[in-house]
Amino acid sequence: ELIPCSHDAYLKAFQLDRSKRFEAFKGFELLLLDEAQDCTACQLAIVHEAPLPAAIAYDPHQAIYQFRLAHACDTLDRNVWLRFYKSLEDFIN
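Along each chain, the written sequence defines residue order, and numbers are assigned to residues from 1. Local features are withheld for residues below a pLDDT of 70 in this predicted model, meaning they are given only at 70 or higher, and side-chain atom pairs are given and counted only at 80 or more; totals for whole chains, interfaces and linings count all residues. Processing note: side-chain calculations cover all non-hydrogen atoms of the structure and skip hydrogens and water entirely.

(A) Region of interest: the pattern of salt bridges. Here, a salt bridge means any Lys or Arg side-chain nitrogen found within 4 Å of an Asp or Glu carboxyl oxygen. Inspection of the entire model under this criterion finds two salt bridges. One salt bridge in this structure joins Glu49 and Arg21, with 3.3 Å as the shortest N-O distance. Taken together, the residues span a long stretch of sequence, with Glu49 in the loop between helix H3 (41-48) and strand E2 (54-56) and Arg21 in helix H2 (residues 18-25) at a distance of 28 residues. Glu49 sits in the partly exposed class, given a relative accessible area of 40%. Lys26 is paired through a salt bridge with Glu23; the nearest N and O atoms lie 3.3 Å apart. By the criteria applied, helices consist of DSSP H or I runs no shorter than four residues and strands consist of E runs no shorter than two, each listed in order from the N terminus. Throughout, exposure labels follow a simple rule: accessible area from a 1.4 Å probe, protein chains only, divided by the maximum for the residue type, with under 20% read as buried, over 50% as exposed, and the rest as partly exposed.

Structure follows, in structure tokens:
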């Protein structure tokens, strides 16, 4: 019998199962996380424990999911803070 569970419950189960995480990330070369300011501690732990390099972009001034305990951005190193600027978009185009 299936037991219904919330997104938070199965995400936590995924975080705790190292073999499932390893299998999920197999075949990828880079993990790219945008809008990290809206991640929970569980989500960021999955990224930090991934068996591949990660590029994390966030802007703490745009955090909108604090009601879901998305305060994990406070643990990120401010020296690696990436922000997308309009001038960069113009340069790329």
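(B) Highlighting the environment of Ala57. For Ala57, the position within the fold is in the loop between E2 and helix H4 (86-92). Expressed as a C-alpha distance, the spacing of Ala57 and Gln37, which sit 20 residues apart in the sequence, is 8.4 Å.

(C) Expanded view of the packing of helix H1 (residues 7-16) against H3. Interaxial distance between H1 and H3 falls to 10 Å at its minimum, and their mutual angle equals 30°. On the basis of their axis angle, the class for H1 and H3 is roughly parallel. As H1 runs across H3, the sense of the crossing is left-handed. In this structure, H1 uses His7, Leu11, Lys12, Phe14 and Gln15 to contact H3, whose residues at the interface are Cys42, Gln43, Ala45 and Ile46. Here, axes are lines fitted to C-alpha atoms. For helices the fit covers the stretch in contact, and angles between N-to-C directions go from 0 to 180 degrees. In what follows, roughly perpendicular refers to angles from 65 to 115 degrees, roughly parallel to angles under 35, roughly antiparallel to angles over 145, and oblique to any angle outside these ranges. When the near helix sits turned anticlockwise from the far one by under a right angle, the crossing is termed left-handed; a clockwise turn instead gives a right-handed crossing. Contacts: residue pairs with any heavy atoms within 4.5 Å of one another.

(D) Molecular detail of the nonpolar core. We define a nonpolar core as any set of buried Ala, Val, Leu, Ile, Met, Phe, Trp, Tyr and Cys residues linked to one another through side-chain atoms lying within 4.5 Å. Ranked by size, the top nonpolar core spans 14 residues in total, and within it Phe25, Leu31, Leu33, Ala36 and Ile56 carry the most contacts. Looking at this core, the elements with two or more residues in it are strand E1 (31-33) and H3. Of all the elements, H3 adds the most residues to this core, at four residues.

(E) Structural view of the packing of H1 against H2. Look at H1 against H2: their axes get within 5 Å of each other, and the N-to-C directions meet at 90°. It follows from the interaxial angle that H1 and H2 lie roughly perpendicular. Contacts between H1 and H2 involve Phe14, Gln15 and Leu16 from the first element and Arg18, Lys20, Arg21 and Ala24 from the second.

(F) Representation of the confidence of the model for the chain in the model. In this model, the chain carries an average pLDDT of 76, and 63% of its residues clear a pLDDT of 70 or more. Each residue gets a pLDDT score, which is the predictor's confidence in that residue and runs from 0 to 100. Confidence, read as mean pLDDT per element, is least for H4 in the chain (57) and greatest for H2 (94). In the model, residues 79-85 has pLDDT below 50 throughout and makes 10 contacts with residues more than four positions away in sequence or in other chains.

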